[in-house]
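Okay, here's what each chain looks like letter by letter:
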Amino acid sequence: MNFPLYIAKRYIFSNSKNNAINIINRIASMGIIVGAMALFVVLSVFSGLKVFSLSFSNDIDPDLKISSTLGKSFLISSLQEKQINQIEGLVSFSKIIEERVLFTFNGKQEVTYLKGIDENFNKVNAIKKTIYSGDWLENDTYQVVVGNGIANTFSMGLLDFNNQLEVMVPRPGKGTIENSEEAFNKVTVIPVGIYAISEELDSKYVFADLGLAQELLEFKPNQISGIELKMKKDADENAIINKLQTVFNNKITIKNRAQLNESLYKMLNTENLAVYLIFTLVIIIALFNLIGALIMMILDKKGNLKTLLYLGTQIKDLRKIFLLQGTLLSVFGGIIGLTLGIAIVLLQQRFQWVMITPSLAYPVVFSIENVLVVLATIITLGFLASLIASSRVSKRLLD
């Protein structure tokens, strides 16, 4: 039998004759329980906010996006398209063209991105579900789908034949321009749908047919500015990227969804780390109660410790008693706090008690990763606090 562990468990589950020490022990235990519960709930909330924030960009961003390493556009052959289709782990891919252009409507002007898309675009992105007014555009037409932000800027409705939405793009080439008409390629388009994702994204893109974008930019039929790809859930991302680089002879840049939204991911991760550190500091402060409780227990059990010392128990084993006692208190408190925290998170997911708006519940996500983080934090800090307190046991104290 592990003698220090046996004594440590006896001290945990038995009350002291001194009522003040019992109260201090209960306060220390409550501090650990509440700290573990609060840390888990807050981490779950920020995990929910992260998923909620990224859900906006996930509707418009692909799993992988290919762009040219040199220049704004590149050529894709039918053989390369066939090779992409044969890559294991890919669901579909869509050829796109993105370019900043000038839109004019009823005397108003706005510079934003025209995004030309092919017939596979809706197999790669979930943009179609964000349409809240009108319909999605048809292929090989002059129809466009605009964002809610642009529609509000232009005070524009759908299928307005009295006012025309025009797209203007600087004409490529060299030489002297004699009049303004020669300086731009201009096309009149028909808004047939309005999408709404977020305030920033609603003003970023106007979606049009790929052929229309190629016509405006005077691109060749096989000239594009990018390819967006959708992967299977269990696909090997690195293997797919390596195969794509082989198809294009390493002349392309490939970014995943996190790299496409690098600043957003960094901001969310930084906020999550900051909250974790703040609540860890709160737990550290709460663990001062544990240190105090263990020191009071050492003083209360001083007579018993002397007896054990005279019976031949070594000082290191006496210290180990209180080290194990404090660590076990941290483990038990962390498990109880985690249980309460998990219950709160699951109840919020099920019953949506806390609301941001009348129709939107506060997002929370249950994650095994958060469970492990909280347990590791509580046990590690509890062990360090117990180590500090148990170091008070010395031969000098017991003499």
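Engineer: Would you mind going over the overall build of the chain with me for this structure?
Structural biologist: Scanning the chain from N- to C-terminus turns up 14 helices and 14 strands. At 32 Å, the chain has a C-alpha radius of gyration far larger than the 21 Å of a compact globule built from 399 residues. Taken along the three principal axes of its C-alpha coordinates, the chain extends 105 × 50 × 40 Å. Across the 399 residues that make up the chain, the buried fraction comes to 45%. Summed over its atoms, the accessible surface of the chain is roughly 21600 Å², and 56% of this surface lies on carbon and sulfur atoms. Where the 38 positive side-chain charges of the chain centre and where its 34 negative ones centre are 20 Å apart.

Engineer: Would you take a moment to explain empty space enclosed by the protein for this structure?
Structural biologist: If a probe as big as a water molecule is rolled over the atoms, it shows which places are left empty. Scanning the model with the defined rule gives one cavity of 30 Å³ or more in all. Approximately 40 Å³ is the volume attributed to the largest cavity. Here the lining of the largest cavity takes three residues from helix H2 (residues 19-58), the largest share from any one element. Here the residues of the lining of the largest cavity sort into three nonpolar, five polar and one charged.

Engineer: Would you take a moment to explain the pattern of salt bridges for this structure?
Structural biologist: A pair can form between side chains of opposite charge whenever their charged atoms are brought close. Enumeration over the complete set of coordinates arrives at eight salt bridges. We note a salt bridge from Asp 63 to Arg 257, for which the minimum N-O separation is 3.2 Å. Separated by 194 residues along the polypeptide, Asp 63 in the loop between H2 and strand E1 (64-68) and Arg 257 in helix H9 (residues 257-260) bring together distant segments of the chain. The exposure class assigned to Asp 63 is buried, which follows from its relative accessible area of 16%.

Engineer: Is there a simple way to explain the packing of helix H1 (residues 3-13) against helix H12 (residues 315-351) in this structure?
Structural biologist: Between two packed helices, both the angle of their axes relative to each other and the distance between the axes serve to describe the pair. Where H1 contacts H12, the axes come no closer than 8 Å and their chain directions differ by 50 degrees. With respect to H12, the axis of H1 lies oblique. Our pair here, H1 against H12, has a crossing hand that is right-handed. Across the interface between the two elements, Pro 4, Leu 5, Ile 7, Ala 8, Lys 9, Tyr 11, Ile 12 and Phe 13 of H1 pack against Asp 317, Lys 320, Ile 321, Phe 322, Leu 324, Gln 325, Leu 328, Leu 329 and Phe 332 of H12. Looking at side-chain class alone, the contact of H1 with H12 contains 13 nonpolar, one polar and three charged residues.

Engineer: I would appreciate a short explanation of the nonpolar core in the present structure.
Structural biologist: Soluble globular proteins tend to bury their nonpolar side chains together. Core analysis: the largest hydrophobic core is formed by 43 residues, its most contacted members being Ile 84 and Ile 227. Counting 25 residues, the second largest nonpolar core, distinct from the first, contains Leu 294, Leu 338, Val 371 and Ala 385.

Conventions adopted
- Residues numbered from 1 in each chain as written.
- Predicted model: local features only at pLDDT ≥ 70, side-chain atom pairs only at ≥ 80, totals over all residues.
- Heavy atoms only, no water.
- Helix = DSSP H or I, 4+ residues; strand = E, 2+ residues; numbered from the N terminus.
- Rg over C-alpha atoms; globule rule 2.2 N^0.38 Å.
- Buried < 20%, exposed > 50% of the residue type's maximum accessible area, 1.4 Å probe, protein only.
- Areas by Shrake-Rupley, 256 points an atom, 1.4 Å probe, with all protein chains shown as cover.
- Lys, Arg positive; Asp, Glu negative; His and termini not counted.
- Charge placed at Lys NZ, Arg CZ, Asp CG, Glu CD.
- 1 Å grid on protein atoms, 1.4 Å probe; cavity = no way out; pocket = protein on both sides within 12 Å on 5 of 7 lines; lining within 4 Å.
- Points joined across faces, edges and corners; volume = space filled by probe spheres on them.
- Nonpolar A, V, L, I, M, F, W, Y, C, P; charged D, E, K, R; others polar.
- Salt bridge = Lys/Arg side-chain N within 4 Å of Asp/Glu carboxyl O.
- Axes fitted to C-alpha atoms, helices over the stretch in contact; angles between N-to-C directions.
- Parallel < 35°, antiparallel > 145°, perpendicular 65-115°, else oblique.
- Left-handed = near helix turned anticlockwise from the far one by under 90°.
- Contact = heavy atoms within 4.5 Å.
- Core = buried A, V, L, I, M, F, W, Y, C linked by side-chain atoms within 4.5 Å.

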